[in-house]
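The lines below spell out each chain.
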Amino acid sequence: MTEMSKIDTRSLLAEVTAFIWAEGAMLDAREYDEWLDLWTDDGLYIMPIGDTVDFKNSVNLCYDNAKMRKDRIGRFHQGFSISSAPPALTVRTLSRFRIEGTEGDLVTVTCAEHVIEDKFGRQRTWAGNIAYTLKSTEGGFKLHQKIIRLLNSDGMLNSFSYLF
């Protein structure tokens with residue numbers, strides 16, 4: 001019997017979906033300090049360029065550990081990043097949730113994301129696939145790894161004043 005067959009996948013899918021939807025709402029509301037609290041200390045926020053799987057040895061749009069996530073949020077708050085002045089408004093849709101596997105207290109789940117950005121009266125649409133590794137804790141799930149694969153990551157991208 002596999003580990004996945006031992007768990008109630010419907011219940012787990014509902015739990016991880018609710019967590020990811022809450023994270024998306026937090027990002028759209030620019031509740032970045034609260035978002036930082038969702039992470040494990042050793043978690044990684046990754047936006048690779050192209051289809052690489054060797055993130056550590058590749059150029060990425062983001063490869064953020066705890067310090068880099070905190071520094072990025074600090075730049076958003078302080079306006080030290082040209083892309084964050086003024087901040088864009090976003091609305092995201094997350095769909096097509098699928099549990100890919102479990103191992104110990106880790107759950108890997110994938111989904112699709114569409115982000116609509118509104119800035120300077122102009123709207124842009126971004127789409128991508130996300131792979132989450134969530135850690136189950138006594139207090140609920142924590143983000144252990146989030147890999148956002150934008151469909152056009154190796155094409156021409158503009159600056160972002162928000163997180164995916």
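Everything below is about the structure shown above.
Please read all numbers here as calculations on a predicted model, not as lab measurements.

Conventions and cut-offs
- Residues numbered from 1 in each chain as written.
- Predicted model: local features only at pLDDT ≥ 70, side-chain atom pairs only at ≥ 80, totals over all residues.
- Heavy atoms only, no water.
- Salt bridge = Lys/Arg side-chain N within 4 Å of Asp/Glu carboxyl O.
- Helix = DSSP H or I, 4+ residues; strand = E, 2+ residues; numbered from the N terminus.
- Buried < 20%, exposed > 50% of the residue type's maximum accessible area, 1.4 Å probe, protein only.
- Phe/Tyr/Trp six-rings, centres within 6.5 Å; stacked < 30°, edge-to-face > 60°.
- Lys NZ or Arg CZ within 6 Å of the ring centre and 35° of its normal.
- Patch = residues over 30% accessible without salt bridge, like charges linked within 9 Å, V, L, I, M, F, W, Y side chains within 5 Å.
- Areas by Shrake-Rupley, 256 points an atom, 1.4 Å probe, with all protein chains shown as cover.
- Core = buried A, V, L, I, M, F, W, Y, C linked by side-chain atoms within 4.5 Å.
- Contact = heavy atoms within 4.5 Å.
- Expected span 1.5 Å × (residues − 1).

Undergrad: Teacher, can you tell me more about the pattern of salt bridges here?
TA: As a working rule, side chains carrying opposite charge can pair if their charged atoms are close by. For the structure shown, the criterion picks out eight salt bridges. Between aspartate 71 and lysine 67 there is a salt bridge, and its shortest N-O distance comes to 2.6 Å. With aspartate 71 and lysine 67 both in helix H3 (residues 66-78) and four residues apart, the pair spans about one turn of that helix. Of the charged contacts, one joins glutamate 100 and arginine 98 as a salt bridge, the two residues approaching to 3.4 Å between their closest N and O atoms. Since its relative accessible area comes to 39%, glutamate 100 is described here as partly exposed. Through salt bridges that share partners, Asp28, Arg92 and Glu113 make up one connected network.

Undergrad: How do you make sense of the packing of aromatic side chains when you look at a structure like this?
TA: The geometry of an aromatic ring pair is captured by two quantities: the separation of the ring centres and the angle between the planes. Summed over all chains, the structure comprises eight aromatic pairs. Relative to tryptophan 39, the ring of tryptophan 35 lies with its centre 5.4 Å away and its plane at 75°, an arrangement referred to as edge-to-face. Each member of the pair tryptophan 35 and tryptophan 39 is classed as buried. Seen from their ring centres, tryptophan 35 and tyrosine 45 are 5.6 Å apart, and the 90° between their planes marks the pair as edge-to-face. With tryptophan 35 in helix H2 (residues 32-36) and tyrosine 45 in strand E1 (residues 39-48), this pair connects stretches of sequence that are 10 residues apart. Classification of tryptophan 35 as buried rests on a relative accessible area of 1%. Accessibility expressed as a relative area gives 1% for tyrosine 45, which makes it buried. Residue placement shows arginine 69 over the ring face of tryptophan 39; its charged tip is 4.1 Å from the ring centre.

Undergrad: What exactly am I supposed to notice about a nonpolar patch on the surface here?
TA: Taken together, the side chains of Ile49, Val59 and Leu61 define a hydrophobic patch exposed on the protein surface, amounting to about 230 Å² of accessible area. Note on placement: valine 59 falls in the loop between E1 and strand E2 (60-64). Taking the relative accessible area as the measure of exposure, valine 59 reaches 63% and is therefore exposed.

Undergrad: Looking at this structure, I do not really get the nonpolar core. What am I missing?
TA: For soluble globular proteins, nonpolar side chains are generally found buried alongside one another. The biggest cluster of nonpolar side chains holds 35 residues, and the ones touching the most others in it are Trp35, Tyr45, Tyr132 and Phe164. Looking at this core, the elements that each hand over two or more residues are helix H1 (9-28), H2, E1, H3, strand E3 (89-103), strand E4 (106-119), strand E5 (122-137) and strand E6 (140-150). Top element by residues in this core is H1. It accounts for six residues. The residues contacting tyrosine 45, other than those within four sequence positions of it, are Trp35, Trp39, Cys62, Tyr63, Asp64, Arg69, Lys146, Ile148, Leu163 and Phe164.

Undergrad: I'm lost on H1 in this one. Help?
TA: Residue pairs three or four apart in sequence face the same way in an α-helix, which turns once every 3.6 residues. Over its 20 residues, H1 runs 28 Å from end to end, which matches the ideal 28 Å to within 8%, given 1.5 Å per residue. For H1, the complete set of buried residues consists of Leu12, Val16, Thr17, Phe19, Ile20, Glu23, Gly24, Met26, Leu27 and Asp28. Buried-residue contacts for H1 involve H2, E3, E4, E5 and E6.

Undergrad: How should the environment of proline 86 be read in this particular structure?
TA: Locating proline 86 in the fold gives a position in the loop between H3 and E3. For proline 86, a relative accessible area of 39% corresponds to the partly exposed category. Sequence-wise, proline 86 and phenylalanine 76 are 10 residues apart; in three dimensions their C-alpha atoms are separated by 9.5 Å. When sequence neighbours within four positions are dropped, the list of residues in contact with proline 86 reads Lys119, Phe120 and Ser161.

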